[in-house]
Protein chains: 2
Amino acid sequence: MNIATQRPFSQVLDRLRMAGLRPTRQRLALARLLFDGCDRHVSAEQLHSEALAANIRVSLATVYNSLHQFTSAALLREIVVDAGRSYFDTNTSEHHHFFFERSGHLEDIAGHMVTVTKMPDAPAGTTIRRVDVIVRVDG
Amino acid sequence: MNIATQRPFSQVLDRLRMAGLRPTRQRLALARLLFDGCDRHVSAEQLHSEALAANIRVSLATVYNSLHQFTSAALLREIVVDAGRSYFDTNTSEHHHFFFERSGHLEDIAGHMVTVTKMPDAPAGTTIRRVDVIVRVDG
DNA sequence: GTGTTTGCAAAGTGTTTGCAATTTA
DNA sequence: TAAATTGCAAACACTTTGCAAACAC
């Protein structure tokens, strides 16, 4: 990531503030890596490596904390495709995923590309939080 | 599980043989626990406890091996809802799942209760292996 | 007998935790 | 200064591995 293409500092800063997250040096740096305009699917390890590569001193524990805080604040969405690894998706709008089983790669499917016409009612006393559609392909 | 309600020995035995799996004492015992007629969602730990409770001496490693072998042989289907835990579903027909986020409980949705009318094409050079629909509810 | 399967204990993976030191407002 | 956040290292939960002993055919 070239510094010239990064989002303005203030934009990311506002985003954190609006989410009620104190804009610490670490959170700010991670947020700038994540919310660079592209839709991304990152694991904690990946983001940590990326941060180190960019000379951002941050511990893995803080990366985990931040990813979860961003997820709670709806800045990220967590996707589970694979037992034993979590991915975080910077695209929080309604959409689904291709999962390439061989490579472990994840790719967005725009929301309008999938239509679910028939759905069961939520079990009594519950509310549907989200419907995840994962199309598993052998790529 | 009452012994009187268990599947006949020979039925489970044939099932293993047809899958090309040597019907060892452990595989046979685990298969009898799993394929008792009900649709079940089990984790390795759960199945291991169940086996011990039923006085079947089997190691956790063997439970893992067997679950994966059964899955490869299409006697089971693996479901991932939760990073860090695998569930195995004895229902291998087309169907989907409710996932109760609070309790971690998993429940089948019959295939005919969900209709996906519009689907993207598989990415070039790939084949769709399966479409998983997971309805996350807060139960 | 021969190749397969098992059990064990150890190693591995990804994630979380407890707590003192640091930083933010 | 008070409360929130961080880094570290240890703990954690779940899963896989290596290999000698046991087993199925």
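Residues numbered from 1 in each chain as written. Chains lettered and ligands numbered in written order. Predicted model: local features only at pLDDT ≥ 70, side-chain atom pairs only at ≥ 80, totals over all residues. Heavy atoms only, no water.

Draft legend 1. Spatial organisation of the packing of helix H2 (residues 25–34) of chain B against helix H4 (residues 60–72) of chain B. Residues and elements named next belong to chain B. Packing of H2 against H4 leaves a shortest axis separation of 10 Å and a crossing angle of 65°. With respect to their mutual orientation, H2 and H4 come out roughly perpendicular. The way H2 lies across H4 gives a crossing that is right-handed. Judged by residue contacts, Gln26, Arg27, Leu30, Ala31 and Leu34 of H2 engage Thr62, Val63, Ser66, Leu67, Gln69 and Phe70 from H4. The residue makeup of the contact of H2 with H4, split by class, is six nonpolar, four polar and one charged. (Axes fitted to C-alpha atoms, helices over the stretch in contact; angles between N-to-C directions. Helix = DSSP H or I, 4+ residues; strand = E, 2+ residues; numbered from the N terminus. Parallel < 35°, antiparallel > 145°, perpendicular 65-115°, else oblique. Left-handed = near helix turned anticlockwise from the far one by under 90°. Contact = heavy atoms within 4.5 Å. Nonpolar A, V, L, I, M, F, W, Y, C, P; charged D, E, K, R; others polar.)

Draft legend 2. Representation of the domain arrangement of chain A. All names here are of chain A. Per the domain assignment, the segments making up chain A are domain 1 (1–89) and domain 2 (93–139). On a C-alpha basis, the centres of domain 1 and domain 2 stand 23 Å from each other. Counting from both sides, the interface comprises ten residues of domain 1 and, opposite them, twelve residues of domain 2. When the two sides are added together, the surface that domain 1 and domain 2 hide from each other amounts to roughly 910 Å², 49% of it contributed by carbon and sulfur. (Domains from an automatic or database assignment. Buried area = accessible area lost by both parts, 1.4 Å probe.)

Draft legend 3. A look at the sheet that holds strand E3 (residues 85–89) of chain A. All names here are of chain A. If you trace the three strands from one edge of the open sheet to the other, you get E1-E3-E2, paired in antiparallel fashion. Edge strands, defined here as strands with exactly one partner in the open sheet, are strand E1 (41–42) and strand E2 (77–82). The sheet contact formed by E2 and E3 spans five bridges and is antiparallel. Paired with Ile79 across the strands is Tyr87, a residue of E3. (Pairing = 2+ DSSP bridges.)

Draft legend 4. Summary view of the protein's contact with DNA strand C. Taken together, 19 residues are adjacent to DNA strand C, and Tyr64(A), Arg85(A), Gln26(B), Arg27(B) and Thr62(B) come closest. The separation between a phosphate oxygen of DNA strand C and a polar side-chain atom of Tyr64(A) is 2.2 Å. Within the backbone of Ser86(A), an N or O atom sits 3.0 Å from a phosphate oxygen of DNA strand C. In terms of residues, the surface near DNA strand C owes the most to one element, helix H4 (residues 60–72) of chain A, which gives four residues. Looking at the surface near DNA strand C residue by residue, the class counts come to six nonpolar, seven polar and six charged. (Near = heavy atom within 4 Å. Polar contact = N/O pair within 3.5 Å; in protein donor to acceptor, adjacent residues only side chain to side chain.)

Draft legend 5. The pattern of salt bridges, seen in detail. Counted by the stated rule, this structure contains twelve salt bridges over all chains. Here Arg136(A) makes a salt bridge to Glu101(A), at a shortest N to O gap of 3.7 Å. Taken together, the residues span a long stretch of sequence, with Arg136(A) in strand E7 (residues 128–137) and Glu101(A) in the loop between strand E4 (95–100) and strand E5 (105–110) at a distance of 35 residues. Arg130(B) serves as the salt-bridge partner of Asp132(B), at 2.8 Å between the closest nitrogen and oxygen. The class of Arg130(B) is partly exposed, set by a relative accessible area of 26%. One network of salt bridges, with partners in common, ties together Arg77(A), Arg129(A), Arg130(A), Asp132(A), Glu101(B) and Arg136(B). (Salt bridge = Lys/Arg side-chain N within 4 Å of Asp/Glu carboxyl O. Buried < 20%, exposed > 50% of the residue type's maximum accessible area, 1.4 Å probe, protein only.)

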